[in-house]
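What follows is the residue order along each chain.
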Amino acid sequence: MATFLYKLGRLAFRRRHFVALIWVALLTLAGVGAASAPSAGSTSFSIPGTEAQKAFDLLEQRFPGASADGGTGRIVFKAPEGEKMTDAANKATVAKTVKELGEGSEVVSVTDPFTTNAVSKDGTVAYTSVKYEAPGMELADSTREALEKAGDEARATGLTVDIGGDALQAAAEPGAAGEIVGIALAAVVLVITLGSLVAAGLPLLTAIIGVGIGVSTITALANALDLGDTTSTLALMIGLAVGIDYALFIVSRYRGELAEGRDREEAAGRATGTAGSAVVFAGLTVVIALAGLSVVGVPMLTKMGLAAAGTVVVAVLIALTMVPALLGYAGRKVRPAGEKRKANKAKAAEGRAKPALGVRWASFVIRRPAAVLLLGVLGLGAIAVPATQLELGLPDDGSQPTSTTQRRAYDLLSEGFGPGFNGPLMVVYDAAGSADPKADATALTDRIKGLDDVVTVTPAQFNKAGDTATITVIPDSKPSSAQTEDLVHAIRAEGADVKADTDANVLVTGTTAMNIDFSQKLTDALVPYLALVVGLAFLLLIVVFRSILVPLKAALGFLLSVLAALGAVVAVFQWGWLSGLIGVEETGPIMSMMPIFMVGVVFGLAMDYEVFLVTRMREAYVHGESPSQAIVTGFRHSSRVVVAAAIIMMAVFGGFISSSESMIKMIGFGLAIAVFFDAFVVRMAIVPAVLALLGKKAWWLPKWLDRALPNVDVEGEGLRALDDDKGDRKDEDRELVQV
């Protein structure tokens with residue numbers, strides 16, 4: 001592989017105009033496609049195989065035209081101090097609001113709180129519910145404006161009025177200011193690492209082009225493939241981070257090759273052949289981790305993973321082709337690494353200069369490997385302890401900032417009716433096998449009323465055919481609580497008894513039940529997903545490192561990183577530790593997809609640092625250095641760049657913490673802290689400590705397996721052989737000249 005990439009790098013360097021033209025054309029094509037594509041609607045959220053999804057599908061079939069997936073709006077009214085909503089003036093305001101809302105073109109129904117018992121017992125709070133034909137994200141702007149206008153007019157009469165529901169849901173916007181700060185910090189790190197503005201600008205430029213192509217392609221295909229806004233946000237987040245890092249490693253190696261005295265085209269080829277090989281395998285681990293999300297069986301996660309994986313592929317291809325092409329354009333503006341290093345070597349030879357920080361750190365770890373290993377493992381283990389109290393759920397209006405009308409509406413409902421009104425459960429009674437559907441439905445309603453944590457149960461509402469009914473259950477606890485989850489399971493247990501007695505099916509659905517089923521599905525898929533991703537990457541790393549223990553150590557180190565990161569996420573977002581520093585206004589359960597998402601993404605990113613750092617050690621060991629010397633050599637050449645790459649990733653991910661969307665904020669924080677743990681504790685401390693303890697055993701591989709594995713030549717042995725051939729040819733030329 002090194003020889004092929006070497007030739008590719010030299011070709012891209014020589015044909016830089018052609019290479020640049022291709023990538024600019026692809027960016028233009030993707031941009032035009034994104035601009036001309038129809039705007040994407042809401043992402044259809046389905047969880048195949050779950051009871052909540054089966055119930056939802058049954059409603060679509062048995063209640064045609066009921067717009068089961070339609071958006072909802074809820075206007076909550078609170079009377080001024082000393083008044084009640086039942087006062088004549090306040091009733092008139094509510095009646096006017098209901099009438100205005102009912103005139104909307106996309107409105108299916110509007111409830112009158114005074115006829116649907118939607119007034120609190122003390123008479124101070126009331127609410128009206130609006131049902132729409134289209135899903136919340138697909139509603140016309142005029143419909144949202146009409147809902148807000150109705151609320152404003154009612155508020156003008158002196159009532160406290162707030163609006164909840166998904167009708168006001170808008171596309172989640174990541175914190176643009178935070179992203180800019182993250183990229184600016186990445187630029188500063190690149191300048192410090194690479195020593196010039198031009199060299200620092202290359203990784204930023206190529207990463208932006210790669211992300212532009214990836215995100216524009218996703219936008220162009222969003223409507224056709226049902227891709228949501230979160231998909232492009234994830235692709236932006238991952239693509240930007242790996243795009244900068246991959247280009248950084250190649251540019252850094254290029255400067256090192258220049259310092260060895262090679263001409264620029266040769267240096268570009270060498271950098272692509274060596275660092276480029278590491279980029280290919282690092283990218284493959286990320287792609288495996290992201291594409292592996294398909295095994296979870298949730299279409300939304302599958303699309304997110306595949307889209308982000310596609311962006312990573314683009315980042316790898318750009319690093320292998322456009323980076324050497326831009327190096328050709330940069331010419332002498334990208335200087336060799338080592339003018340300062342050569343001076344330091346001269347001083348070191350005279351005993352007047354200290355070795356580089358990375359060399360000193362590696363030497364320290366080699367002298368005290370057991371202590372460093374123990375400290376690193378115990379430290380990460382302690383941070384991981386909160387993960388044992390992990391509670392999963394999905395964000396609702398209760399997790400919104402208190403400045404939003406959705407959150408205020410949520411709080412008003414909790415105040416007037418109890419927190420359970422924010423997450424009603426819908427029980428679907430499929431009476432197709434029942435002899436007396438109405439009597440059996442009444443009996444079911446009575447059984448549900450007898451369960452714990454139930455406030456209200458509405459009478460069964462049958463469809464026209466009389467074979468299906470819906471029953472609304474209001475819990476006593478908030479939607480994301482453990483008590484509400486227990487109630488869902490209790491209703492389903494009652495449904496199993498009903499099935500045995502009457503041969504009728506009882507299914508529980510609604511947003512709350514869907515969230516519970518989603519969390520359970522992700523939990524059940526975590527172990528198979530982890531086995532698949534880690535297993536495939538383990539095999540890949542065996543091929544790269546030609547070792548059994550090094551990939552095993554890499555996988556175990558990753559587990560420490562991700563568990564510690566989850567512990568930190570629980571401490572901040574669930575327990576509220578230091579939550580004010582990053583703008584977390586409401587603590588609660590951790591987003592359901594966070595554990596499996598972090599496993600996938602963090603594993604891929606962790607293997608990046610493993611590949612970049614350890615391949616240099618492997619290269620030194622293969623070329624004759626002792627195991628301890630190889631560790632020091634790996635740190636001498638790679639530690640500075642790996643640290644810079646980690647800081648850049650942390651800056652990029654940290655920029656998303658400023659997002660107002662709780663899911664994006666949590667993902668940004670989780671990935672940033674995971675990169676910190678993995679790069680600075682696992683790869684910089686635990687990895688060299690373990691390798692020092694293992695010695696030559698670290699690079700052991702059974703002979704039969706060594707013969708069976710393909711030789712991908714990440715260390716660049718083929719390039720060394722190429723040097724020997726060139727040397728032989730030069731000797732032959734000299735002999736011919738002498739003759």
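In the block above lies the structure referred to throughout.
Since the structure is predicted, the reported quantities are computational estimates derived from the model, not experimental observations. (Residues numbered from 1 in each chain as written. Predicted model: local features only at pLDDT ≥ 70, side-chain atom pairs only at ≥ 80, totals over all residues. Heavy atoms only, no water.)

*Asks:* Can you help me understand the overall build of the protein chain in this one?
*Replies:* Helix and strand content of the protein chain: 23 helices and eleven strands. Taken over the C-alpha atoms alone, the protein chain extends approximately 110 × 50 × 45 Å along its principal axes. The burial tally for the protein chain puts 53% of its 739 residues in the buried class. Taking as baseline every contact in the protein chain between residues at least 6 positions apart, the subset at least 24 positions apart corresponds to 79%. Of the accessible surface of the protein chain, which amounts to about 31400 Å², a share of 59% is contributed by carbon and sulfur atoms. Averaged over its 64 positive side-chain charges, the protein chain has a centre that lies 14 Å from the centre of its 74 negative ones. (Helix = DSSP H or I, 4+ residues; strand = E, 2+ residues; numbered from the N terminus. Buried < 20%, exposed > 50% of the residue type's maximum accessible area, 1.4 Å probe, protein only. Contact = heavy atoms within 4.5 Å. Areas by Shrake-Rupley, 256 points an atom, 1.4 Å probe, with all protein chains shown as cover. Lys, Arg positive; Asp, Glu negative; His and termini not counted. Charge placed at Lys NZ, Arg CZ, Asp CG, Glu CD.)

*Asks:* Whenever I open this one, the nonpolar core confuses me. Can you help?
*Replies:* In a soluble, globular protein the nonpolar side chains are often hidden away together inside. If you look at the biggest cluster of nonpolar residues, it comprises 183 residues, and the most contacted ones within it are Tyr246, Val473 and Phe653. Tallying contributions element by element places helix H10 (residues 299-330) first for this core, with 18 residues. The contact partners of valine 473, leaving out residues within four places of it in the chain, are Pro424, Leu425, Val427, Ile448, Val454, Thr456, Val457, Leu487 and Ile491. (Core = buried A, V, L, I, M, F, W, Y, C linked by side-chain atoms within 4.5 Å.)

*Asks:* Looking at this structure, I do not really get the environment of aspartate 411. What am I missing?
*Replies:* Relative to the helices and strands, aspartate 411 is located in helix H14 (residues 405-417). Residue class for aspartate 411 comes out partly exposed when judged on its relative accessible area of 33%. Counting along the chain gives 188 residues from aspartate 411 to asparagine 223, while the straight-line C-alpha distance between them is 35 Å.

*Asks:* Which parts of the structure should I look at to understand the packing of aromatic side chains?
*Replies:* For any pair of aromatic rings, the description consists of the separation of the ring centres together with the inter-plane angle of the planes. Under the counting rule described, the total for this entry stands at twelve aromatic pairs. By the ring-pair criterion, three or more aromatic residues cluster together here, those being Tyr127, Phe417 and Phe421. Just above the ring of tyrosine 127 sits the side chain of arginine 74; from NZ or CZ to the centre is 5.2 Å. The ring of phenylalanine 114 carries lysine 91 above its face, with NZ or CZ at 5.0 Å from the centroid. (Phe/Tyr/Trp six-rings, centres within 6.5 Å; stacked < 30°, edge-to-face > 60°. Lys NZ or Arg CZ within 6 Å of the ring centre and 35° of its normal.)

*Asks:* Please clarify how a nonpolar patch on the surface should be interpreted in this entry.
*Replies:* Among the surface-exposed residues, Phe18, Ile22, Leu26 and Leu29 lie close enough to one another that they form a single nonpolar patch of about 390 Å² accessible area. Within the secondary structure, leucine 26 is located in helix H2 (residues 16-36). You can call leucine 26 partly exposed: its relative accessible area is 35%. (Patch = residues over 30% accessible without salt bridge, like charges linked within 9 Å, V, L, I, M, F, W, Y side chains within 5 Å. Salt bridge = Lys/Arg side-chain N within 4 Å of Asp/Glu carboxyl O.)

*Asks:* Looking at this structure, how should I read unusual backbone geometry?
*Replies:* It is generally the case that most residues other than glycine have a negative phi and that most peptide bonds are trans. In the Ramachandran plot, aspartate 453 falls in the positive-phi region, its phi being about 70° despite a non-glycine side chain. Mapped onto the elements, aspartate 453 comes out in the loop between helix H15 (437-449) and strand S7 (454-457). Even without being glycine, arginine 546 reaches a positive phi, approximately 50°. Checked against the element boundaries, arginine 546 lands in the loop between helix H17 (511-545) and helix H18 (549-574). When its relative accessible area of 10% is taken as the criterion, arginine 546 is described as buried.

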